[in-house]
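So you can see what is in the structure, the chains are spelled out below.
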Amino acid sequence: MIRPAFSIARRESLSDSVYRQIRGKILRGELAAGAPLPAERELSEVTGVNRGAVREAIKRLQQAGLVAVRQGGNSVVLDYLDEGGLELLPNLLVDGDGRLNGGVVRSIMAMRSALAPDIAAAAARKGGARLADELDEVLAQMRAQARDTRALQALALAFWKKLVERGGNIAFRLAFNSMTKTYTQVQDILATVLEPEFRDAENLTAIARAVRTGDPEAARAAGRRHVEIGRQALERALDAVEAQGGRP
């Protein structure tokens, strides 16, 4: 078996550096599912860190569902598609060459399209006038910043963060956190692409109104219309790049 090459770990965060290296090699397929992980001693030597830092990195990999520690302390690589969670999404978004992974982007947008309407509906059931006032304030800021795409991007995220925080669904909130961490990695790239969604004041206003009146179905419908604008815009952009034989 050909062993993947490791590099000397950065001194400012030893266990983090080892963890990131191994995680990257697993997600890129350089360490295949079922393959044994090099022993602690070998990893310590090739990365230039102490075994304690290596042990901590392996523990984090185990928690992330990337490796399993067998009897005797030996570790084996797991199939992250079977064992991993949403926390891996940010690491899958960009490939080893630094290029955006179009398939992962589409998958995230599909999950967002599925979750957003229910997030809006949950907020309408529980948010009430106080949340509606907060949403109206965000909408007022969006109107004031109408010429600034980056500002609209940040305010749109703030709008949805308020919805998910007040909806009372912990699973929605954790999924939103994972998607947000993923999105922030490419927000500069996607700001222009998703601009039509950021400027969709009509459906955001409808969501805020539904929150105020306690109408979850109206919020769900407006939420679905809103994120569909962004999904279609992103699909057009990805299709255009791929039609030219490139990758995002």
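Residues numbered from 1 in each chain as written. Predicted model: local features only at pLDDT ≥ 70, side-chain atom pairs only at ≥ 80, totals over all residues. Heavy atoms only, no water.

Draft legend 1. Here's a closer look at the packing of helix 6 (residues 102–126) against helix 8 (residues 149–166). Running from amino to carboxyl end, helix 6 crosses helix 8 at an angle of 60 degrees, the nearest separation of the two axes being 8 Å. Considering their axes alone, helix 6 and helix 8 lie oblique with respect to each other. In the packing of helix 6 onto helix 8, the handedness of the crossing is left-handed. Counted together, A116, I119, A120, A123 and K126 of helix 6 and W160, L163, V164 and R166 of helix 8 form the full contact between these two elements. Here the residues of the contact of helix 6 with helix 8 are counted per class, giving seven nonpolar, no polar and two charged. (Axes fitted to C-alpha atoms, helices over the stretch in contact; angles between N-to-C directions. Helix = DSSP H or I, 4+ residues; strand = E, 2+ residues; numbered from the N terminus. Parallel < 35°, antiparallel > 145°, perpendicular 65-115°, else oblique. Left-handed = near helix turned anticlockwise from the far one by under 90°. Contact = heavy atoms within 4.5 Å. Nonpolar A, V, L, I, M, F, W, Y, C, P; charged D, E, K, R; others polar.)

Draft legend 2. The arrangement of helix 1 (residues 14–27) in detail. Here helix 1 spans 20 Å end to end across 14 residues, near enough to the 20 Å set by a 1.5 Å rise per residue. For helix 1, the tally of buried residues reaches 11 of 14 residues, placing the bulk of the element in the interior. Turning to helix 1, its buried residues are S15, S17, V18, Y19, Q21, I22, R23, G24, K25, I26 and L27. Residues of helix 1 that are buried sit in contact with helix 2 (40–47), helix 3 (51–63), strand 1 (67–69), strand 2 (75–77), helix 4 (80–83) and helix 5 (89–92). One or two positions beyond helix 1, positive phi appears at G29, with a value near 85 degrees. (Expected span 1.5 Å × (residues − 1). Buried < 20%, exposed > 50% of the residue type's maximum accessible area, 1.4 Å probe, protein only.)

Draft legend 3. Region of interest: the nonpolar core. In terms of nonpolar packing, the biggest core is built from 66 residues, with F159, W160, L163, I207 and V211 touching the most fellow members. Top element by residues in this core is helix 6. It accounts for 10 residues. Setting aside its immediate chain neighbours within four residues, W160 contacts A116, I119, A120, F176, L204, I207, G223, H226 and V227. (Core = buried A, V, L, I, M, F, W, Y, C linked by side-chain atoms within 4.5 Å.)

Draft legend 4. Structural view of empty space enclosed by the protein. In total, this model carries two cavities of 30 Å³ or more according to the counting rule given. As a volume, the largest cavity reaches approximately 410 Å³. Contributing elements (two or more residues each) for the lining of the largest cavity: helix 6, helix 8, helix 9 (170–185), helix 11 (195–198) and helix 13 (216–243). Broken down by element, the lining of the largest cavity gets its largest block of residues, six residues, from helix 6. Of the voids in this model, the second largest cavity is the one considered here, and its volume is about 30 Å³. Elements represented by at least two residues in the lining of the second largest cavity include exactly helix 6 and helix 8. By residue class, the composition of the lining of the second largest cavity is five nonpolar, two polar and no charged. (1 Å grid on protein atoms, 1.4 Å probe; cavity = no way out; pocket = protein on both sides within 12 Å on 5 of 7 lines; lining within 4 Å. Points joined across faces, edges and corners; volume = space filled by probe spheres on them.)

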